Amino acid sequence: MGKILVTGGLGFIGSHTVVELQNEGFEVIIIDDLSNSSVDVLKGITSITGTTPDFEQFDLKEKSKVQAFFKKHQDIEGVIHFAASKAVGESVEKPLLYYENNINTLVYVLQELQKLENANFIFSSSCTVYGQADELPITENAPIKFAESPYGNTKQIGEEIIRDTCKVTQHLKSIALRYFNPIGAHHTTKIGELPIGVPQNLVPFITQTALGIREQLSVFGDDYPTPDGTCIRDYIHVVDLAKAHVVALQRLLQNKNDSNYETFNIGTGTGSSVLEVIKSFEKVSGQKLNYKIANRRAGDIISAYADTTKANSQLGWKTKLTLDDAMKSAWEWQLTIKGKDK
Ligand code: WQD
């Protein structure tokens, strides 16, 4: 078996995917620039699997370093590409940083894969490409909507770049995985989410509030047209999401793909409201959460959850872990790291 390159492999989803790849016997090499992660994550991975993945620290924006890497590692048989900036709000403030970091790096990696005889590429995409879908649950055929943020636009553009490249590169096989909302942490509490600064996402804000790092959670609006008035999302345990990457890679390695560019929605198929997530947290932690209802957050969509039929049938994958499992793991992780970030 050749090596699998995981870019951004020390990040939240990347590190959990490295663990699942190693569990399946793959040899892994990570590229990470540590801009949004810590080299300590390597220890966490090793403590779970007993194997320390190879690791090279450099910025994929440096084209010459990307070229040198692939020259040195001729035995790469698959690439899972996580490396990207992913803060929606920051992308609105700094669009060029996002276009440079999320697009240039993808192009440089694809240029190297185009030179190989056989290449298998898994792309970290997002349900954000759908915007507020007209129909729920959301299938892969749902129309791609105008991106709400430069971050979301980099995912849409990224998919188009891969699609166009695969059209003219038959030996390049690719799958874009459109994640819904990844949450939780590995049950060993050796790896998890390390948000830098004030968390933008709901679940780390909940666990930090419960630990007293944050004063109070603001629920951004309870006047939406949903059963309890709060927004609905498809919260998927990060370990289930990580496993989806392994089965997608195996689909390509075993040439089971229907075309050389495919997309899959990766979610639980169930929507949960903000208040339901809070209730789940209070149940699994035994803690009452301090929250208030606040104004809506600009750019939030009302409801999104996946139709997982395609991933279930074609990948033979479905989620096994529940919202409660994810919230419990997120809380146990928060108790382990306390206030550490990065
Ligand atoms: C979820 C719900 C908020 C914080 C984003 C990106 C998406 C992906 C996941 C990268 C919403 C509410 C949140 C808070 C709240 N990221 N909320 N109080 O916005 O669905 O998705 O993260 O791939 O691309 O868009 O996730 O966790 O920010 O919000 O009430 O303090 O929780 O309004 O309804 P979102 P989120």
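Our subject is the structure listed above.
Residues numbered from 1 in each chain as written. Predicted model: local features only at pLDDT ≥ 70, side-chain atom pairs only at ≥ 80, totals over all residues. Heavy atoms only, no water.

1. Some words on the environment of Ser37
Where we set the bar: For the purposes of this entry, the term helix denotes a DSSP run of H or I that reaches at least four residues, the term strand denotes a run of E that reaches at least two, and both are numbered from the N terminus. Here the term buried applies to any residue with accessible area under 20% of the maximum for its type, exposed to any over 50%, and partly exposed to those in between, with areas from a 1.4 Å probe on protein chains only. The definition of a polar contact used here is a pair of N or O atoms within 3.5 Å, where within protein one atom must be able to donate a hydrogen and the other to accept one, and adjacent residues in sequence count solely through side-chain atom pairs.
Along the chain, the position of Ser37 falls in the loop between strand S2 (27–31) and helix H2 (40–49). Take Ser37: its relative accessible area is 5%, and that puts it in the buried class. The sequence separation of Ser37 and Ile196 amounts to 159 residues, and the corresponding C-alpha distance is 8.9 Å. There is a polar contact of 2.9 Å between the side chain of Ser37 and the side chain of Asp32.

2. Describing the packing of aromatic side chains
Any two aromatic rings considered together are summarised by their centre-to-centre distance and by the angle between their planes. The cut-off we apply is this: Centre distance within 6.5 Å is the pairing criterion for rings of Phe, Tyr and Trp, where only the six-membered ring of Trp is used; planes under 30 degrees apart are then read as stacked, over 60 as edge-to-face, and the remainder as tilted. For a ring to carry a charge above it, either NZ of a lysine or CZ of an arginine must fall within 6 Å of the ring centroid while also lying within 35 degrees of the normal to the ring plane.
Following the criterion strictly, the structure yields 3 aromatic pairs and no others. On the basis of an interplanar angle of 45° and a centroid distance of 6.1 Å, the ring pair of Phe58 and Phe69 is categorised as tilted. Of this pair, Phe58 sits in the loop between strand S3 (54–56) and helix H3 (63–72) while Phe69 is found in helix H3, placing the two residues 11 residues apart along the sequence. Seen in terms of ring centroids, Phe281 and Trp331 are 5.3 Å apart; in terms of plane orientation they differ by 85°. Their pairing is edge-to-face. With a gap of 50 residues between them, Phe281 in helix H9 (residues 274–285) and Trp331 in helix H11 (residues 323–337) connect regions that are remote in the sequence. Trp331 gets classed as buried once you look at its relative accessible area, which sits at 8%. An aromatic cluster of three or more residues is present, and its members are Phe58, Phe69 and Phe70. The ring of Tyr224 carries Arg296 above its face, with NZ or CZ at 4.0 Å from the centroid.

3. What to know about the pattern of salt bridges
Side chains bearing opposite charge may pair, as long as their charged atoms lie close to each other. Quick note on the threshold: The salt bridge definition used is simple: a Lys or Arg side-chain nitrogen within 4 Å of an Asp or Glu carboxyl oxygen.
Counting across every chain of the model gives 19 salt bridges. Measuring nitrogen to oxygen at the nearest pair gives 3.9 Å for the salt bridge that ties Asp300 to Arg233. Here Asp300 is found in the loop between strand S13 (291–294) and helix H10 (309–315), whereas its partner Arg233 is found in strand S9 (residues 232–233), with 67 residues between them in sequence. By relative accessible area, which is 12% here, Arg233 ends up buried. Among the salt bridges present, the one from Lys288 reaches Glu282, with a minimum N-O distance of 3.1 Å. Under the relative-accessibility criterion, Glu282 is labelled buried at 19%. One continuous salt-bridge network, built from bridges that share partners, spans Arg163, Asp164 and Lys167.

4. Observations concerning the site of the ligand
Applied cut-off: Here a residue is near a molecule or strand as soon as one of its heavy atoms is found within 4 Å of it. Computed with the Shrake-Rupley method and a 1.4 Å probe, the accessible areas treat only the protein chains shown as cover for residues.
Around the ligand sit 18 residues in total, of which Tyr151, Leu202, Ser218, Arg233 and Asp300 are the nearest. Here an oxygen atom of the ligand and a side-chain polar atom of Ser126 are 3.3 Å apart. In the model, an oxygen atom of the ligand is placed 2.6 Å from a nitrogen or oxygen of the Arg233 side chain. Relative to its unbound accessible area of 690 Å², the ligand is 89% covered by the protein chains. Top contributing element to the shell around the ligand by residue count: strand S8 (residues 217–220), with 4 residues.

5. Observations regarding the nonpolar core
Rules: Here, nonpolar core refers to any group of buried Ala, Val, Leu, Ile, Met, Phe, Trp, Tyr and Cys residues whose side-chain atoms link them within 4.5 Å.
Counting 40 residues, the largest nonpolar core has Leu21, Ile45, Ile122, Leu177 and Ile266 as the members making the most contacts within it. Among the elements that take part in this core, helix H8 (residues 238–253) stands out by supplying 8 residues, more than any other. Core analysis: the second largest hydrophobic core is formed by 26 residues, Val66, Phe70, Leu106 and Tyr261 among them.

6. Section: the pairing of S8
How we decide: Two strands pair under a simple rule: DSSP has to find at least two bridges between them.
Of the two faces of S8, only one is covered, namely that formed by Leu217 and Val219; the face formed by Ser218 and Phe220 stays uncovered. With 4 bridges joining them, S8 and S13 adopt parallel strand pairing. Across the sheet, residue Phe220 finds its bridge partner in S13, namely Ala294.

7. A look at helix H7 (residues 202–211)
Keep this limit in mind: Note on contacts: a residue pair qualifies if any of its non-hydrogen atoms lie within 4.5 Å across the two residues.
When you tally the buried positions in H7, you get 9 out of 10 residues, the bulk of the element. Looking at H7, one finds that the buried residues are Leu202, Val203, Pro204, Phe205, Ile206, Thr207, Gln208, Thr209 and Ala210. Residues of H7 that are buried make contact with strand S7 (181–183), S8, strand S10 (235–237), H9 and H11. Once H7 finishes, Gly212 follows within two positions and takes phi at roughly 90°, a positive value.

8. Let's talk about the pairing of strand S6 (residues 172–179)
Rule in force here: Crossovers are described as right-handed under a simple rule: with the strands pointing away from the observer, the path leading from the first strand over the helix to the second runs clockwise.
In terms of burial, S6 is a largely internal element, 8 of the 8 residues being buried. Side chains Leu172, Ser174, Ala176 and Arg178 of S6 all project onto a buried face; the interleaved residues Lys173, Ile175, Leu177 and Tyr179 project onto the opposite face, where all are buried too. Where strand S5 (residues 119–126) and S6 come together, 8 bridges link them in parallel fashion. For Phe121, the partnering residue across the bridge sits in S6 and is Ser174. Handedness of the β-α-β unit built from S5, helix H6 (residues 150–168) and S6 comes out right-handed. Pairing of S6 with strand S11 (residues 261–266) involves 6 bridges; the strand directions are parallel. Across the sheet, residue Arg178 finds its bridge partner in S11, namely Asn265.

9. Topic: the sheet that holds S5
Here is the rule: Axes here refer to lines fitted to C-alpha atoms; in helices the fit is confined to the stretch in contact. Angles between the N-to-C directions go from 0 to 180 degrees.
Here 7 strands make up an open sheet; going across it, the order is S3-S2-S1-S4-S5-S6-S11 and the pairing parallel. Both outer strands of the open sheet, S3 and S11, are each paired with one neighbouring strand and no more. Shown here is a sheet whose adjacent strand axes are inclined to one another by a mean of 20°, direction ignored. Sheet topology note: the S2/S3 ladder contains 3 bridges and is parallel. In the strand pairing of S3, Ile31 is matched with Glu56. In this fold H6 packs onto S5, S6 and S11, with an angle of close to 155° to the strand it touches most, S5.

Bear in mind that shape data such as this cannot, by itself, settle questions of function.
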